[in-house]
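# Residue-level structure breakdown
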Amino acid sequence: MQLKDTEYLIATFHGRHDGAQAKVTAVRDDTRPEPYFWICTCGASRSFLTEDGVFPTAWRHTHPTRLDRLRQWTTRRLRPRRAR
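### Quick word on the environment of valine 54
- Inspection of the secondary structure assignment puts valine 54 in helix α1 (residues 54–62).
- Overall, valine 54 belongs to the buried group, its relative accessible area being 1%.
- The spacing of valine 54 and phenylalanine 13 is 41 residues in sequence and 11 Å in space, taken between C-alpha atoms.
- When sequence neighbours within four positions are dropped, the list of residues in contact with valine 54 reads Ala26, Tyr36, Phe37, Trp38 and Phe48.

Below, the structure is given as structure tokens:
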């Protein structure tokens, strides 16, 4: 991920989710309405008004609890399969 001139790297989290490696980058950008946000290599992202929610949600995204893993597994199992 390439940062813009107005963005500052806060932290990087490495982990796994949905059975794949994941890297979450937490960033601050004062030009945005919600200056704190994180972006994952899977395409997920979240924005926050304060720094309080960035670290816990980014950590949990890359280190899901057992309940989170069960939800992910159930979602994958119930997803309709494409015909080949």
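### Description of the side chain of aspartate 68
- Take aspartate 68: it is sitting in helix α2 (residues 66–78).
- A residue is classified by how much of its surface remains accessible, and aspartate 68, at 12% relative accessible area, is buried.
- Only 2.7 Å separates the side chain of aspartate 68 from the side chain of arginine 60, close enough to count as a polar contact.
- There is a polar contact of 3.1 Å between the side chain of aspartate 68 and the side chain of threonine 65.

Parameters and conventions
- Residues numbered from 1 in each chain as written.
- Predicted model: local features only at pLDDT ≥ 70, side-chain atom pairs only at ≥ 80, totals over all residues.
- Heavy atoms only, no water.
- Helix = DSSP H or I, 4+ residues; strand = E, 2+ residues; numbered from the N terminus.
- Buried < 20%, exposed > 50% of the residue type's maximum accessible area, 1.4 Å probe, protein only.
- Contact = heavy atoms within 4.5 Å.
- Polar contact = N/O pair within 3.5 Å; in protein donor to acceptor, adjacent residues only side chain to side chain.

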